[in-house]
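# Structure assessment
The lines below spell out each chain.
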Amino acid sequence: MTTSAGNPVADNQNSLSAGPRGPLLMQDYQLLEKLAHQNRERIPERTVHAKGTAAYGTLTITHDITQYSKAAVFKPGAKTEALLRFSTVAGERGAADAERDVRGFALKFYTEEGNWDMVGNNTPVFFVRDPLKFPDFIHTQKRHPKSNLRSNTAAWDFWSLSPESLHQVTILMSDRGIPKTLRHVNGYGSHTYSFINAQSERFWVKFHFKTLQGIQCMSNAESDAVIAKDRESSQRDLFEAIERGDFPKWRFCVQIMSEKAAATYRWNPFDLTKVWPHGDFPLIEVGILELNRNPENYFAEVEQSAFSPSNIVPGIGFSPDKMLQARIFAYADAHRYRVGTHYEMLPVNRPKSPVHTYHADGPMRSDAPKATDAYYEPNSFGGPTQAPRFAEPPLQITGDSDRFNHRDGNDDYTQAGDLFRLLKPDHQARLFQNIAAAMAGVPEFIVQRQLVHFHRADPRYAAGVAQALGVKNRAAGG
Ligand code: NDP
């Protein structure tokens, strides 16, 4: 054993004291160092997705989609190392895994053209479509400033005032709101991204990872029983499955929409509260994702892992989705704050391909770059330069710059209703009960405002919830 400076340690059991009963001597630097280090053993937890579980794996491309994307990661037969971090959204780092919540499904692919991060969820849509509302939404999921308790009233007040949330609320309150394990969830990129092919043609794309373990869920009562015994049920299940060689797999698929089709499609393809119905845009097979290796050190490889939708590779691009545009900034910024300026130099975040930037200095710069006169750009000393062959084709944008009311004329009910209607009657009955349970303590006027949204999605939806709550269904004129 040595100190952190490499000096041998003669005694790691007894502190240095004046006489056997103390007091202690200031010169016991190893004691001071241990206490000081302990004070610094945590980094700020993520504001959202704080509780996470991750594993490494491999993406294998089994089908040819090079007609849509030139990304090297999609070459038929390509195998790419990946890291997948699952999480709950609202709970803190000590929260129980088995709670009703969306599950994060954040992927980092260490491709030969740099890291591609697909920072998705186990749901294809989200609660809000304008990022200006994201911090407000998250406040409703976190603790009340006075009571320090989670507030059903805040959640339903916000949701009932934000009809665009109805689709995601319906998924959250359905059986899929409490996955049995992380191996039994689908992953969705949720946002629309773009693909660019070798001919510089652009396509809009959505990413889907379908679990090959099958979807499995828990009821409220089952999750209560699990949480009573085990707050780390998801972490335990995934870790132990991988340790025993039972490697979970997902079928990786995409949906593709041409730029021409997007211009006239009945749904705004860049609205994060909407799916692209499979009937219009069928799933196209791409490959298989397998998780097959647990991290060696949770803090270094999971807590310090940093995913950002800003990480894209040639052949994959962004889209006008307003939520995606905001996340491109917000995720990388969260890691600069949470981990540090040079978070991408940490082994878990570092690309496997070479990195050539002109970023300099800052806390935690952990490499020792070779001396060079090319420390700015342009320079005359052979430093790295831009490569125009990676430029994307121009994207045509029209219209006035303004703050457009994103609720004006937007149909927030049809897709939520479609989901409700595809649930079997027993599943619908559990949906009603789950909503009633989640509305405990919520004032009647908020409940009635929310019933109107359920009613507009499907009158049977509002009627069922009202009955489960034992309240009048004023939405139906009752
Ligand atoms: P389809 O009948 O082609 O697809 C239905 C989809 O619903 C399947 O992907 C199925 O997932 C999924 N599903 C089933 N139960 C639930 C649930 N409780 N929570 C979330 N998803 C569920 O219909 P459409 O494509 O026309 O979509 C109809 C509705 O299905 C949408 O409004 C949307 O709410 C939901 N959905 C659609 C998706 C899409 O990308 N089109 C993706 C996920 C959900 P699985 O195949 O795993 O059983």
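Residues numbered from 1 in each chain as written. Predicted model: local features only at pLDDT ≥ 70, side-chain atom pairs only at ≥ 80, totals over all residues. Heavy atoms only, no water.

### Notes on empty space enclosed by the protein
Enumeration over the complete set of coordinates arrives at three cavities of 30 Å³ or more. Of the pockets and cavities examined, the largest cavity occupies roughly 60 Å³. What lines the largest cavity is simply Lys-51, Thr-53, Phe-86, Ser-87, Thr-88, Asp-97, Arg-103, Leu-182 and Ser-234. Here the lining of the largest cavity takes three residues from strand E2 (residues 79-88), the largest share from any one element. Tallied by class, the residues present in the lining of the largest cavity amount to two nonpolar, four polar and three charged. In this structure, the second largest cavity occupies an estimated 40 Å³ of space. Every residue lining the second largest cavity is listed: Glu-164, His-167, Thr-273, Lys-274, Asp-411, Asp-412, Tyr-413, Thr-414, Gln-415 and Ala-416. (1 Å grid on protein atoms, 1.4 Å probe; cavity = no way out; pocket = protein on both sides within 12 Å on 5 of 7 lines; lining within 4 Å. Points joined across faces, edges and corners; volume = space filled by probe spheres on them. Helix = DSSP H or I, 4+ residues; strand = E, 2+ residues; numbered from the N terminus. Nonpolar A, V, L, I, M, F, W, Y, C, P; charged D, E, K, R; others polar.)

### Section: the nonpolar core
Nonpolar side chains tend to gather and get buried jointly when the protein is soluble and globular. By size, the foremost hydrophobic cluster in this structure holds 40 residues, and its most contacted members are Phe-127, Trp-156, Trp-159, Met-173, Ile-435, Phe-454 and Tyr-461. Every element with two or more residues in this core is listed here: helix H2 (134-141), helix H3 (152-160), helix H4 (166-173), helix H10 (414-422), helix H11 (425-438), helix H12 (444-457) and helix H13 (459-469). Among the domains, domain 1 (16-371) and domain 2 (413-478) are the pair contributing at least three residues each to this core. The residues touching Trp-159, leaving out its near neighbours within four places in the chain, are Phe-127, Phe-137, Gln-141, Ser-165, Val-169, Leu-172, Met-173, Gln-450 and His-453. (Core = buried A, V, L, I, M, F, W, Y, C linked by side-chain atoms within 4.5 Å. Buried < 20%, exposed > 50% of the residue type's maximum accessible area, 1.4 Å probe, protein only. Domains from an automatic or database assignment. Contact = heavy atoms within 4.5 Å.)

### Overview of unusual backbone geometry
Look at the link from Gly-22 to Pro-23: it is a cis peptide, with omega at 5 degrees. The topology assignment puts Pro-23 in the segment before helix H1 (29-39). Of the consecutive residues Glu-377 and Pro-378, the connecting peptide bond is found in the cis state with omega at 5 degrees. Position of Pro-378 among the secondary structure elements: in the loop between helix H9 (322-338) and H10. Here the phi dihedral of Ser-190 falls at roughly 65 degrees; this positive angle occurs in a residue that is not glycine. Tracing the backbone shows Ser-190 in the loop between strand E5 (187-188) and strand E6 (193-196). Of note, Ser-200 is a non-glycine position whose phi angle comes to about 65 degrees, a positive value.

### So, H11
An ideal rise of 1.5 Å per residue puts 20 Å on 14 residues; H11 measures up with 20 Å between its terminal C-alpha atoms. Residues His-427, Gln-428, Leu-431, Phe-432, Asn-434, Ile-435, Ala-436 and Ala-438 constitute the buried set of H11. Each element contacted by the buried residues of H11 is listed here: H3, H4, helix H5 (220-229), H10, H12 and H13. (Expected span 1.5 Å × (residues − 1).)

### Remarks on the domain arrangement of the protein chain
Interface size is often expressed as the accessible area that is lost when the parts come together. Here the domain parsing of the protein chain yields domain 1 (16-371) and domain 2 (413-478). In this assembly, 22 residues from domain 1 lie in contact with 25 residues from domain 2. Together, the buried faces of domain 1 and domain 2 total about 2,100 Å²; carbon and sulfur atoms form 61% of this surface. Taken together, the links from domain 1 to domain 2 amount to two salt bridges. Here Arg-430 and Asp-175 are joined by a salt bridge, their closest N and O atoms 2.6 Å apart. Inspection of the region where domain 1 meets domain 2 yields 14 residue pairs in polar contact (both at pLDDT 80 or more). Elements that contribute at least two residues to the side of domain 1 that touches domain 2 include exactly H3 and H4. Per element, the largest residue contribution to the side of domain 1 that touches domain 2 is six residues, and it comes from H3. A class-by-class count of the residues in the side of domain 1 that touches domain 2 yields 10 nonpolar, eight polar and four charged. (Buried area = accessible area lost by both parts, 1.4 Å probe. Salt bridge = Lys/Arg side-chain N within 4 Å of Asp/Glu carboxyl O. Polar contact = N/O pair within 3.5 Å; in protein donor to acceptor, adjacent residues only side chain to side chain.)

### Remarks on the pairing of E6
Along E6, one buried face is formed by Tyr-193 and Phe-195 and the opposite face, lined by Ser-194 and Ile-196, is buried too. Pairing of E6 with strand E7 (residues 202-211) involves four bridges; the strand directions are antiparallel. Within E7, the position partnered with Phe-195 by the bridge is Phe-203. Linkage of E6 to E7, two consecutive antiparallel strands, is achieved through a turn of five residues, within which Ser-200 is found at a positive phi near 65 degrees. Here two bridges tie E6 to strand E10 (residues 316-317), and the two strands are oriented antiparallel to one another. By the bridge assignment, Phe-195 is partnered in E10 with Ile-316. (Pairing = 2+ DSSP bridges.)

### Re the packing of aromatic side chains
Under the definition given, this model contains 29 aromatic pairs. Plain terms: the ring middles of Phe-126 and Phe-134 are 5.9 Å apart, the flat faces sit at 40 degrees to each other, and that makes the pair tilted. Ring plane angle 40 degrees and centroid distance 5.9 Å describe the contact between Phe-137 and Phe-158, whose orientation is recorded as tilted. You can see Phe-137 sitting in helix H2 and its partner Phe-158 sitting in helix H3, a full 21 residues away along the chain. Residue Phe-137 is classed as buried on the basis of its relative accessible area, which comes to 2%. In this structure an aromatic cluster arises from ring pairing among Phe-74, Phe-86, Phe-105, Phe-109, Trp-116, Tyr-193, Phe-195, Phe-207, Phe-209, Trp-250 and Phe-252. In this structure, Arg-293 packs its charged tip against the face of Tyr-56, placed 4.2 Å from the ring centre. Directly above the aromatic system of Tyr-110 lies the positively charged group of Lys-352, at a separation of 4.5 Å from the ring centroid. (Phe/Tyr/Trp six-rings, centres within 6.5 Å; stacked < 30°, edge-to-face > 60°. Lys NZ or Arg CZ within 6 Å of the ring centre and 35° of its normal.)

### Quick look at the site of the ligand
Taken together, the neighbourhood of the ligand is formed by 20 residues, with His-167, Arg-176, Lys-210, His-278 and Gln-415 sitting nearest. Here an oxygen atom of the ligand sits 3.0 Å away from a polar atom, N or O, in the side chain of Arg-176. Here an oxygen atom of the ligand and a side-chain polar atom of Asn-186 are 3.1 Å apart. Starting from 780 Å² of accessible surface for the ligand in isolation, the protein chains cover 75%. Secondary-structure elements contributing two or more residues to the shell around the ligand are H4, E7 and H10. The biggest single contributor to the shell around the ligand is H10, with four residues. (Near = heavy atom within 4 Å. Areas by Shrake-Rupley, 256 points an atom, 1.4 Å probe, with all protein chains shown as cover.)

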